[in-house]
Amino acid sequence: MRRSQRPGSSVRGRRARAPDGGVEPATPSRDLVDRKATRGEALPEPLVDALTLEGFAIFYSTDQEKAPFRERATTFLRALPSERALALARRVSDQRYAVSRAMPILATHFDASLLAELLERDTEGYLVPAAFAAVGEAALPQLVAAWQKSEGKVREARNAAIVRVVAEGAGPLSEEASRAVETLGLDALDLREGESYWPTERAQAAEALLRRLSAEARDALVLDAAKTSKRPERAYRFVGQLSEDARTKATAALLERASTLTNDDHFDVGVRGLGADAPKVFAAALPEGGSAALLKRLEKALGKDGFTAFLASRGETKKTWLESLRAIAAEAGAGERIYLLEPKWRMDDVTWSAPSGSYSRLGGRGPAGVEVPKRSDGDAFTHVLTIDLDEAPELRARLRTEARAVSLYVPDPRGGEDYEETVLIPLAADTAAPTDGEPLFVIPLDVPAAIFDSRSARKDASLGELRKAVFNRSGWALGEPMWIQEDEGDAGFVLQLSEALGLNLGDSGSLYVFDRGALMQCY
């Protein structure tokens, strides 16, 4: 049985209602164009006139699954007479937001006057940088000239377009490409210094551009960026492409500016690019000294074995996590006392003895004789920890109590439910110390208050390193909360605890305990 069509539909394309109520000419779909190109058939003249090329943005996608369509689209567009193709390009790009629709035609029927029109019309950066890769080096003279006289978002887009054109070329640079790179200078790396985020595709394009340069030019460009860029860690991403001597110089330049580093991602890419030579390169670049925050960053980047090899070359041994943390805190500038809360299994190589008769315990039944709240099902709340307030006198002051210790109870630590009902119970001096569970180590640490301000920590490498180090410990008392999600305020804040203390906190979450109740946040 033959299926009937809806009135007004067309197998050749899509129809839409015109403003006057009539039916506009059919707009051919990308699928129809694809089928015609696959069969080597021409598109009927009326449908060529109705093309919008809206779906042809895929033309400059790097997705390999889209490659077959790109090839057929190229075949289809090249088959159009140039005059007809350029007329189509001008029609589909007559609005500022639609200027990129003409790029597939510019790639198959390059025309300098059409490119000039597009660049002139694009006053808001709508021309997609990736679209120029298919156009190629023929666009460079006009692109570079347009970049030189533009600013802001448009300048950034044209900068990225030039980088993409050069990056996607093959072999040694042409004279035109060489002039373009020379004109851009450090902007040839497209480091996006004014942006907090550097898109991966931009970084990869700069990496590909560098591969086309001579070794001497590549060394000079990256080394200059490491010394002068506002975001030297982004330039360091490319250190693996440099000569041996330039690797050491770029590393030394980066380490001299360690206080400006606020993002480890690209720094870590660079370290991985050095491979097994990384410890040797860093030892040559930093034969002695280095801040505690910097050494902590190197430990993370080099890994346990690599960092040990780095230290051994300097005749040093690795500090305990507590020694390292205190050194970073001292550099950042102490301001207020907090207390780290650590279970025995996380003390590693740290030697720390709890005072004789300490009430500080983790888990177990909790102190005897305490009136423990009950859940709605009648089961008692669970003891999480008890802190001896003689070991944390500032916490006693914050809680406005004369108690000997304070115990934390939650309704359901395994299920991770009803944390808002969490209670802190003060223990009188005549309450017997808890004896089961395991020791809880209460360790004083003096830190600057600024580590609890995420914006301050992002601007200062030492503060940022200290903030991360404290956040990644098992928990702490006093100070302020470090929120994973939205800021819920700090009034009445007492403790921040991690899952290392026996709590179900979702995906690497934290429990924020206040003098009345608690709440949980996770990633």
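Structure shown above.
Residues numbered from 1 in each chain as written. Predicted model: local features only at pLDDT ≥ 70, side-chain atom pairs only at ≥ 80, totals over all residues. Heavy atoms only, no water.

K.L.:
Just to check I follow, could you spell out the overall build of the protein for this structure?
P.N.:
A tally of regular secondary structure across the protein gives 21 helices and 10 strands. Relative to a compact globule of 523 residues, whose C-alpha radius of gyration would be 24 Å, the protein shows 32 Å and is clearly more extended. In terms of overall dimensions, the protein has C-alpha extents of about 95 × 70 × 40 Å along its principal axes. Out of the 523 residues in the protein, the part that is buried amounts to 50%. Excluding contacts between residues fewer than 6 apart, the proportion of contacts in the protein whose partners are at least 24 apart in sequence is 64%. For the protein, the accessible area works out to roughly 25600 Å², and carbon and sulfur atoms hold 47% of it. Of the charged side chains in the protein, 69 are positive and 80 negative; the average position of the first set lies 6 Å away from that of the second. (Helix = DSSP H or I, 4+ residues; strand = E, 2+ residues; numbered from the N terminus. Rg over C-alpha atoms; globule rule 2.2 N^0.38 Å. Buried < 20%, exposed > 50% of the residue type's maximum accessible area, 1.4 Å probe, protein only. Contact = heavy atoms within 4.5 Å. Areas by Shrake-Rupley, 256 points an atom, 1.4 Å probe, with all protein chains shown as cover. Lys, Arg positive; Asp, Glu negative; His and termini not counted. Charge placed at Lys NZ, Arg CZ, Asp CG, Glu CD.)

K.L.:
Please explain helix α12 (residues 215-228) as it appears in this structure.
P.N.:
What sets the pattern is the α-helix's 3.6 residues per turn: residues three or four places apart point alike. Look at α12: 20 Å from first C-alpha to last across 14 residues, which is about the 20 Å you get at 1.5 Å a residue. All of the buried residues along α12 are Arg218, Asp219, Leu221, Val222, Leu223, Ala225 and Ala226. For α12, the secondary structure elements touched by its buried residues are α11 (200-212), α13 (232-236) and α14 (244-256). (Expected span 1.5 Å × (residues − 1).)

K.L.:
Please explain the packing of helix α18 (residues 321-332) against helix α21 (residues 461-471) as it appears in this structure.
P.N.:
In a packed pair of helices, the relevant descriptors are the angle between the two axes and the axis-to-axis distance. As a packed pair, α18 and α21 sit with axes 9 Å apart at the nearest point and diverge in direction by 145 degrees. In this structure, the crossing between α18 and α21 has a hand that is left-handed. Across the interface between the two elements, Leu325, Ile328, Ala329 and Ala332 of α18 pack against Ser462, Leu463, Glu465, Leu466, Ala469 and Val470 of α21. The class makeup of the residues in the contact of α18 with α21 is eight nonpolar, one polar and one charged. (Axes fitted to C-alpha atoms, helices over the stretch in contact; angles between N-to-C directions. Left-handed = near helix turned anticlockwise from the far one by under 90°. Nonpolar A, V, L, I, M, F, W, Y, C, P; charged D, E, K, R; others polar.)

K.L.:
Would you mind going over the pairing of strand β8 (residues 493-498) with me for this structure?
P.N.:
In the case of a regular strand, side chains alternate between the two sheet surfaces. In terms of residue burial, β8 counts as a mostly covered element, since six of its six residues are buried. By the bridge criterion, five bridges tie β8 to strand β9 (residues 510-514) in an arrangement that is antiparallel. Its bridge partner being in β9, Phe493 is matched across the sheet by Phe514. (Pairing = 2+ DSSP bridges.)

K.L.:
When you look at the side chain of Arg164 in this model, what are you seeing that I'm missing?
P.N.:
Its place among the elements puts Arg164 in helix α9 (residues 152-167). Not counting the four nearest positions on each side in its chain, Arg164 is found in contact with Thr62, Pro129, Ala130 and Ala205.

K.L.:
Which parts of the structure should I look at to understand the sheet that holds strand β2 (residues 361-362)?
P.N.:
By definition, the strands of a sheet pair up through backbone hydrogen bonds, in either a parallel or an antiparallel sense. Judged by pairing direction, the sheet is antiparallel, and its 10 strands sit side by side in the order β5-β4-β3-β2-β6-β1-β7-β8-β9-β10 without closing on themselves. The strands lining the two open edges of the sheet, one partner per strand, are β5 (423-427) and β10 (518-521). Strand direction decides the pairing type here: strand β3 (residues 382-388) and strand β4 (residues 405-410), joined by six bridges, are antiparallel. Across the sheet, the residue bridging to Thr386 is Ser407, located in β4. Against the sheet, α18 makes contact with β1 (336-343) and β6 (438-447), and its axis sits at roughly 25 degrees relative to β6, the strand it touches most.

K.L.:
Help me understand the environment of Ala139, please; the structure alone is not making it clear to me.
P.N.:
Checked against the element boundaries, Ala139 lands in the loop between α7 (131-135) and α8 (140-148). Look at Ala139 and you get buried, because its relative accessible area is 0%. In this structure, the C-alpha to C-alpha distance between Ala139 and Cys522, residues 383 residues apart in sequence, is 49 Å. Apart from the residues lying within four places of it in its own chain, the contact partners of Ala139 are Phe110, Leu115 and Phe132.

K.L.:
I'm lost on the nonpolar core in this one. Help?
P.N.:
Note on soluble globular proteins: their nonpolar side chains tend to be buried together. Membership of the largest hydrophobic core comes to 96 residues, with the highest contact counts inside it found for Met103, Phe132, Phe282, Leu298 and Phe310. Looking at this core element by element, the count peaks at eight residues for helix α17 (residues 292-313). In this view, Phe282 contacts Tyr236, Thr251, Leu255, Phe267, Val271, Leu274, Leu298, Leu302 and Phe310; residues no more than four positions away in its chain are not counted. One finds Ala293, Ile443, Ala469 and Trp483 within the second-largest nonpolar core, a separate group that totals 28 residues. (Core = buried A, V, L, I, M, F, W, Y, C linked by side-chain atoms within 4.5 Å.)

K.L.:
Even after reading the chapter, I still don't get the packing of helix α15 (residues 265-274) against α17, so can you show me in this structure?
P.N.:
At a closest axis distance of 9 Å, the pairing of α15 and α17 adopts a crossing angle of 50 degrees. The angle between the axes of α15 and α17 places the two elements in the oblique class. The way α15 lies across α17 gives a crossing that is right-handed. Contacts between α15 and α17 involve Phe267, Asp268 and Val271 on the former and, on the latter, Arg297, Leu298, Lys300, Ala301 and Leu302. The class makeup of the residues in the contact of α15 with α17 is five nonpolar, no polar and three charged. (Parallel < 35°, antiparallel > 145°, perpendicular 65-115°, else oblique.)

K.L.:
For this particular structure, what's the right way to read the pattern of salt bridges?
P.N.:
Close approach of charged atoms allows side chains with opposite charge to pair. Evaluation of the coordinates by the stated rule reveals 28 salt bridges. Each of Asp264, Arg297, Lys300, Glu465 and Lys468 takes part in a single network of salt bridges with overlapping partners. (Salt bridge = Lys/Arg side-chain N within 4 Å of Asp/Glu carboxyl O.)

K.L.:
Is there a simple way to think about the side chain of Thr108 in this case?
P.N.:
Tracing the sequence through the fold places Thr108 in helix α5 (residues 103-108). Its relative accessible area of 15% is what places Thr108 among the buried residues. Here Pro104 takes part through its backbone oxygen, which lies 3.1 Å from a polar atom of the side chain of Thr108. For Thr108, the residues in contact, after removing those within four places along its chain, are Phe59, Thr74, Leu77 and Arg78. (Polar contact = N/O pair within 3.5 Å; in protein donor to acceptor, adjacent residues only side chain to side chain.)

K.L.:
Explain the environment of Gln496 here, please?
P.N.:
Structurally, Gln496 can be placed in strand β8. Remark: the alpha-carbon pair of Gln496 and Ala57, spanning 439 residues in sequence, is separated by 48 Å. Other than its neighbours up to four places away in sequence, Gln496 contacts Phe471, Gly475, Trp476, Pro481, Met482, Ser510, Leu511 and Tyr512. Separated by 2.8 Å, the side chain of Gln496 and the backbone nitrogen of Met482 make a polar contact.

K.L.:
In this structure, what is going on with a negative patch on the surface? I would like to understand it.
P.N.:
On the surface, Glu417, Asp418, Glu420 and Glu421 cluster together into a patch of negative charge. Within the fold, Glu417 resides in the loop between β4 and β5. (Patch = residues over 30% accessible without salt bridge, like charges linked within 9 Å, V, L, I, M, F, W, Y side chains within 5 Å.)

Don't take any of this as a statement about function, it's just geometry.
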